[in-house]
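Report on the structure
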Amino acid sequence: MTAIEKARQAARKAIEQCHYDGVCTVTEHNKVKNDKTKLTTFEDAVVLENQPCHLIFKTITSTEQSESAAAIRQTTKLLLSPDVTIKPGSKITVTQEGVTIDYTCSGVPAAYGTHQEIILELFRGWA
């Protein structure tokens, strides 16, 4: 193992021990075809449970000037292991500091050697 790999592994261990104060469950909404009736329906399937994670909230203020107040938007990021694969559109239920909220994965994660970051949106139902 190279020095860079050792440093990355140590950094990953530190992030997981110090920052992962929540857990998440990932649910996918999959098409299921009934062979007998030939009808396609949807079925929810839990693909990951009790995965250690951490939510980060960032408030962004619009830079556009207008007569009204500046728009404020909150961005929510999920940090978790780079070994986990979460498909875009999956429902992610996160429990952190005693609060449980359902989110949806809005796109492709930013992957790093030590962790991955996924931008989340509030879950409003399956598309």
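Whatever comes next refers back to the structure up there.
So, a few notes on the structure that sits alongside this text. (Residues numbered from 1 in each chain as written. Predicted model: local features only at pLDDT ≥ 70, side-chain atom pairs only at ≥ 80, totals over all residues. Heavy atoms only, no water.)

A few words now on the nonpolar core. Membership of the largest hydrophobic core comes to 15 residues, with the highest contact counts inside it found for L78, L80, I86, I92, V94, I118 and L120. Those elements giving two or more residues to this core turn out to be strand 1 (22-33), strand 2 (40-61), strand 3 (72-80), strand 4 (91-96), strand 5 (99-105) and strand 7 (116-122). No other element matches the 3 residues that strand 2 contributes to this core. In this structure, V94 is in contact with V23, C24, C53, L55, L78, V99, T100, I101 and Y103, ignoring residues within four places of it in sequence. (Core = buried A, V, L, I, M, F, W, Y, C linked by side-chain atoms within 4.5 Å. Buried < 20%, exposed > 50% of the residue type's maximum accessible area, 1.4 Å probe, protein only. Helix = DSSP H or I, 4+ residues; strand = E, 2+ residues; numbered from the N terminus. Contact = heavy atoms within 4.5 Å.)

With the rule as written, the count across this model stands at 1 aromatic pair. When the centroid spacing of 5.1 Å and the interplanar angle of 75° are considered together, the rings of F123 and W126 count as edge-to-face. (Phe/Tyr/Trp six-rings, centres within 6.5 Å; stacked < 30°, edge-to-face > 60°.)

The next thing to look at is the side chain of E117. Of note, E117 is situated in strand 7. Reaching out from E117, the side chain makes a polar contact with the side chain of K77 at a distance of 3.2 Å. For E117, the side chain forms a polar contact with the side chain of H115, separated by 3.1 Å. When neighbours within four sequence positions are excluded, E117 is seen to be in contact with K77, L78, L79, P109, A110 and Y112. (Polar contact = N/O pair within 3.5 Å; in protein donor to acceptor, adjacent residues only side chain to side chain.)

A few words now on the pattern of salt bridges. Inspection of every chain in the model, using the stated rule, returns 4 salt bridges. Where D83 meets R12, a salt bridge forms, and the shortest distance between an N and an O atom there is 2.5 Å. Placement of the pair is D83 in the loop between strand 3 and strand 4 and R12 in helix 1 (residues 3-19), with a sequence separation of 71 residues. Residue classification places D83 among the exposed positions, given a relative accessible area of 60%. Across the pair K87 and E28 runs a salt bridge whose closest N-O atoms are separated by 3.7 Å. Of this pair, K87 sits in the loop between strand 3 and strand 4 while E28 sits in strand 1, placing them 59 residues apart in sequence. (Salt bridge = Lys/Arg side-chain N within 4 Å of Asp/Glu carboxyl O.)

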